[in-house]
Amino acid sequence: WELLSLLAVVAVAYSQHSPMNAGSPSQGPEPLGAPDCRLMTALDTQMSHYSELYQPSTVEQFLSKELGMWSYNVMLFAVANPALQTIDVDTQMKPAIRSLKAANVDPQEIWFLVTKHLEIFRHPISLQRWLDFLSAQALQSRDIATFLLRAPAALFTDCTQAQALQVLGYLKALGVKQEYMFSRVLCSCPGVLTQDPETKLQPIVSFLTALGLEHQAIALMACVY
């Protein structure tokens, strides 16, 4: 109910303070921006009231404390994303975040991952395996955060590290240099690791070679595009 109340505040305040309801024709035009000022004042007053009444959930309290986030920001995210309440703190969110912190991912970047890619926190065991995999590839913490931000959900549910190693081997054989493997290719498009080399990647390479491109040119295309 607290979530619904916060959302209702915005709708009611807007309806009461919109330009359509501002004054009468006999009063003449209002100063530019006056309706917006009244709206923001009303929102600030009413939001402060409901913020005091709002009771954060266990997962919200954990995020605020563990990541050092302002509780008001966590509340706003929770209001806009009800799915947050379906993630269990002890078995999902807590181990996932602590695995990320152990990999030296900055708390601000972890919070950004929460707000942009919440689903990965449902799979803490798979997340830990991928963190181990990325650490073995000597990725920096910022590159790890970028990789996870762009990773498709299938990477955590349907892909194994053995499959990923096959893709790495295929790309190396194609001519992609190790120093560009993650920085230019896999951090930009982690979903490549979910593709089977023989049935998904080789047909594309075969098509390009049929057009006259050499493997070196295809490897360059993979790094650029």
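Note that this is a predicted model, so its numbers are computed, not measured.

**Some words on the nonpolar core**
Part 1: Membership of the largest hydrophobic core comes to 61 residues, with the highest contact counts inside it found for Met93, Phe121, Leu148 and Phe182.
Part 2: When residues of this core are assigned to their parent elements, the largest contribution, six residues, is made by helix α10 (residues 161-174).
Part 3: Among all residues touching Phe121, those that are not within four sequence positions of it are Ile87, Gln92, Met93, Ala96, Ile97, Leu100, Ile110, Leu113 and Val114.

**Examining the environment of Leu134**
Part 1: Of note, Leu134 is situated in helix α7 (residues 124-136).
Part 2: Overall, Leu134 belongs to the buried group, its relative accessible area being 0%.
Part 3: When the C-alpha atoms of Leu134 and Ile144 are compared, they prove to be 6.9 Å apart, with 10 residues separating the residues in sequence.
Part 4: Excluding anything up to four places from it in sequence, Leu134 contacts Leu139, Ile144, Phe147 and Phe182.

**What to know about the packing of α10 against helix α12 (residues 197-210)**
Part 1: Running from N to C, α10 and α12 cross one another at 20°; their axes reach a closest spacing of 11 Å. The pairing of α10 with α12 is recorded here as roughly parallel in orientation. The way α10 lies across α12 gives a crossing that is right-handed. Across the interface between the two elements, Gln166, Val167, Tyr170 and Leu174 from α10 touch Pro197, Leu201, Gln202 and Val205 from α12.
Part 2: Considered class by class, the residues forming the contact of α10 with α12 number six nonpolar, two polar and no charged.

**Some remarks on the pattern of salt bridges**
Part 1: Taken as a whole, this structure holds five salt bridges when the rule is applied.
Part 2: Among the salt bridges present, the one from Glu66 reaches Arg98, with a minimum N-O distance of 3.3 Å. One end of the pair, Glu66, is in helix α3 (residues 58-67); the other, Arg98, is in helix α5 (residues 89-102), with 32 residues separating them in the sequence.
Part 3: Judged by relative accessible area, which is 43%, Arg98 ranks as partly exposed.
Part 4: The shortest N-O distance in the salt bridge between Arg122 and Glu119 comes to 2.9 Å.
Part 5: With relative accessibility at 22%, the residue Arg122 sits in the partly exposed group.
Part 6: Glu119 sits in the partly exposed class, given a relative accessible area of 37%.
Part 7: Three or more residues joined by partner-sharing salt bridges are found here, namely Glu66, Arg98 and Lys101.

**Let's talk about the packing of α7 against helix α8 (residues 141-150)**
Part 1: Relative orientation of the contacting elements α7 and α8 amounts to 135°, with a least axis distance of 11 Å. By the criterion of interaxial angle, the relationship of α7 to α8 is oblique. The chirality of how α7 crosses α8 is right-handed. Facing Leu127, Leu131, Leu134 and Ser135 of α7, the residues of α8 in contact are Ile144, Phe147 and Leu148.
Part 2: Taken together, the residues of the contact of α7 with α8 break down into six nonpolar, one polar and no charged.

**As for the packing of aromatic side chains**
Part 1: Within this structure, the stated rule accounts for five aromatic pairs.
Part 2: Of the aromatic side chains, those joined through ring pairs into one cluster are Trp130, Phe133, Phe147 and Phe182.

**Some points on the side chain of Ser99**
Part 1: Tracing the backbone through its elements, the reader meets Ser99 in helix α5.
Part 2: Within the structure, Ser99 has its side chain in polar contact with the backbone oxygen of Pro95 (distance 2.9 Å).
Part 3: When residues no more than four places from it in sequence are discounted, the contact partners of Ser99 are Gln128 and Leu131.

**Observations regarding α10**
Part 1: End to end, α10 covers 20 Å across 14 residues, agreeing with the expected 20 Å (1.5 Å per residue, within 8%).
Part 2: Listed in full, the buried residues belonging to α10 are Ala164, Val167, Leu168, Tyr170, Leu171 and Leu174. Projected down its long axis, α10 shows its buried positions confined to an angular sector of 165°, all on one face. Looking at α10, the residues exposed on the side facing more than 90 degrees away from the buried face are Ala162 and Ala173.
Part 3: Positive backbone phi, approximately 120°, marks Gly175, located one or two places after α10.

Rules used throughout
Residues numbered from 1 in each chain as written. Predicted model: local features only at pLDDT ≥ 70, side-chain atom pairs only at ≥ 80, totals over all residues. Heavy atoms only, no water. Core = buried A, V, L, I, M, F, W, Y, C linked by side-chain atoms within 4.5 Å. Buried < 20%, exposed > 50% of the residue type's maximum accessible area, 1.4 Å probe, protein only. Helix = DSSP H or I, 4+ residues; strand = E, 2+ residues; numbered from the N terminus. Contact = heavy atoms within 4.5 Å. Axes fitted to C-alpha atoms, helices over the stretch in contact; angles between N-to-C directions. Parallel < 35°, antiparallel > 145°, perpendicular 65-115°, else oblique. Left-handed = near helix turned anticlockwise from the far one by under 90°. Nonpolar A, V, L, I, M, F, W, Y, C, P; charged D, E, K, R; others polar. Salt bridge = Lys/Arg side-chain N within 4 Å of Asp/Glu carboxyl O. Phe/Tyr/Trp six-rings, centres within 6.5 Å; stacked < 30°, edge-to-face > 60°. Polar contact = N/O pair within 3.5 Å; in protein donor to acceptor, adjacent residues only side chain to side chain. Expected span 1.5 Å × (residues − 1). Arc of directions from axis to C-beta.

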